[in-house]
Amino acid sequence: MSEMTLEVARREKTGSGAAKKLRRDGKIPAVVYGGDRDSMAITVGSRELTDLIRKGDHGIRSVFLLKLADSDQTRHAMIRDFQMDPISRRPTHIDFIRVNMDEKVHVTVPIHVTGTAKGVKQFGGILDFQLRELEVECLPADIPDEFVIDVTDMDINDVRRVSDLAIPPGAELYDVDEDRVVVSVAPKAIEEVEEPEEGIEEIAEPELIGRAKDEAEEKEEEED
């Protein structure tokens, strides 16, 4: 995993008012904690962070080297949590957690599916993507970019399980059942043919009875 340096500044003022002003100035309120040290309120440049995430291979799971402005202090950290504006889709607050490069961490790694399953393309089956991420334990430098499953050869009723994933060296699956299904190809649902509604004969029956009664009465009148 490549290392990305991100300059941060100590945040002197807290509160909603101060946070709004920082966002107007292109800054993101943040906090860094963990590593047996006190938490610190900081700010990061919104554009700088976005550019690093886009350029990196690991997105928000990247390991950052946080460099405190106007000092020589640096510390490795990862994004533990973040809040997003629902309209602009821009981060409004970020939680960083300090990490040691020689200590294992638990991280969530996404699963991506590639290709078009044979059972879908040729037979109209349905691809059921059941598990989209896995938690792994590894050193920060060994965090996988993603797990990839090629479903091209999957036919109807075929499944791919966690045990079918290629786990890179240095990473171990954490608290997961290896028999759990990741993706499967189900047959296309058969449309049920609608049965005639019950009661049709019952509706016609009174009419027949009535007609038979009328014919009987007419016959009796002719005999009289």
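Everything discussed here concerns the structure shown above.
Throughout this description, residue numbers start from 1 for each chain and increase along the sequence as written. Local features in this predicted model are restricted to residues whose pLDDT is 70 or higher, and side-chain atom pairs enter the listing and the counts only when it is 80 or higher, whereas totals over whole chains, interfaces and linings include all residues. As a rule here, side-chain values come from all non-hydrogen atoms in the structure, and water together with hydrogens is ignored.

(A) How the structure looks around the packing of aromatic side chains. Only Phe, Tyr and Trp rings are paired, with Trp represented by its six-membered ring, and only when their centres lie within 6.5 Å; those with planes under 30 degrees apart are stacked, over 60 edge-to-face, the remainder tilted. Enumeration according to the criterion identifies 1 aromatic pair in this entry. With a centroid separation of 6.2 Å and an interplanar angle of 85°, the aromatic rings of Phe64 and Phe96 are classed as edge-to-face. Taken as a pair, Phe64 in strand β4 (residues 63-68) and Phe96 in strand β6 (residues 91-98) lie far apart in primary sequence, 32 residues in all. Each member of the pair, Phe64 together with Phe96, is buried. Secondary structure follows DSSP: runs of H or I at least 4 residues long count as helices, runs of E at least 2 residues long count as strands, and numbering of each begins at the N terminus. Whether a residue is buried, partly exposed or exposed follows from its accessible area with a 1.4 Å probe, protein chains only, as a fraction of its type maximum: under 20%, in between, or over 50%, in that order.

(B) Summary view of the pairing of strand β13 (residues 181-186). Among the 6 residues of β13, 5 are classified as buried, and the element is accordingly described as predominantly covered. In this structure, strand β8 (residues 126-129) lies alongside β13, joined through 4 bridges in antiparallel fashion. Of the residues in β13, the one forming a bridge with Leu127 is Val185. In the sheet, strand β11 (residues 159-161) pairs with β13 via 3 bridges, with the strands oriented antiparallel. In the strand pairing of β13, Val159 is matched with Ser184. We treat two strands as partners when DSSP finds at least two bridges between them.

(C) Structural context of the sheet that holds β13. Within the open sheet, the 3 strands sit side by side as β8-β13-β11. Their pairing is antiparallel. If you trace the sheet from one side to the other, it starts and ends with β8 and β11, each paired once. Put simply, the sheet's adjacent strands are angled 5° from each other on average, direction ignored. Between N-to-C directions, angles cover 0 to 180 degrees, with each direction set by a line fitted to C-alpha atoms, over the stretch in contact for helices.

(D) Layout of a negative patch on the surface. Patch membership requires over 30% relative accessible area and the absence of a salt bridge. Like charges are linked within 9 Å, and nonpolar side chains (Val, Leu, Ile, Met, Phe, Trp, Tyr) within 5 Å. All accessibility values rest on the Shrake-Rupley procedure with a 1.4 Å probe; residue burial counts only the protein chains present in the view. We define a salt bridge as a contact between a side-chain nitrogen of Lys or Arg and a carboxyl oxygen of Asp or Glu at a distance within 4 Å. Positive residues here are Lys and Arg, negative ones are Asp and Glu, while His and the chain termini are left out of the count. Each charge is placed at NZ for Lys, CZ for Arg, CG for Asp and CD for Glu. Taken together, the side chains of Glu7, Glu48, Asp51 and Asp70 present a region of like negative charge at the surface. Position of Asp70 relative to the elements: it lies in the loop between β4 and β5 (74-84). Judged by its relative accessible area of 84%, Asp70 is exposed.

(E) Focus on helix α2 (residues 46-55). Taken as a whole, α2 has its buried residues at Ser46, Leu49 and Leu52. For α2, the angular spread of the buried residues around the axis is 140°, confining them to a single face. Among the exposed residues of α2, those oriented more than 90 degrees off its buried face are Arg47, Arg54 and Lys55. The arc in question is the one traced by the directions running from the helix axis out to the C-beta atoms.

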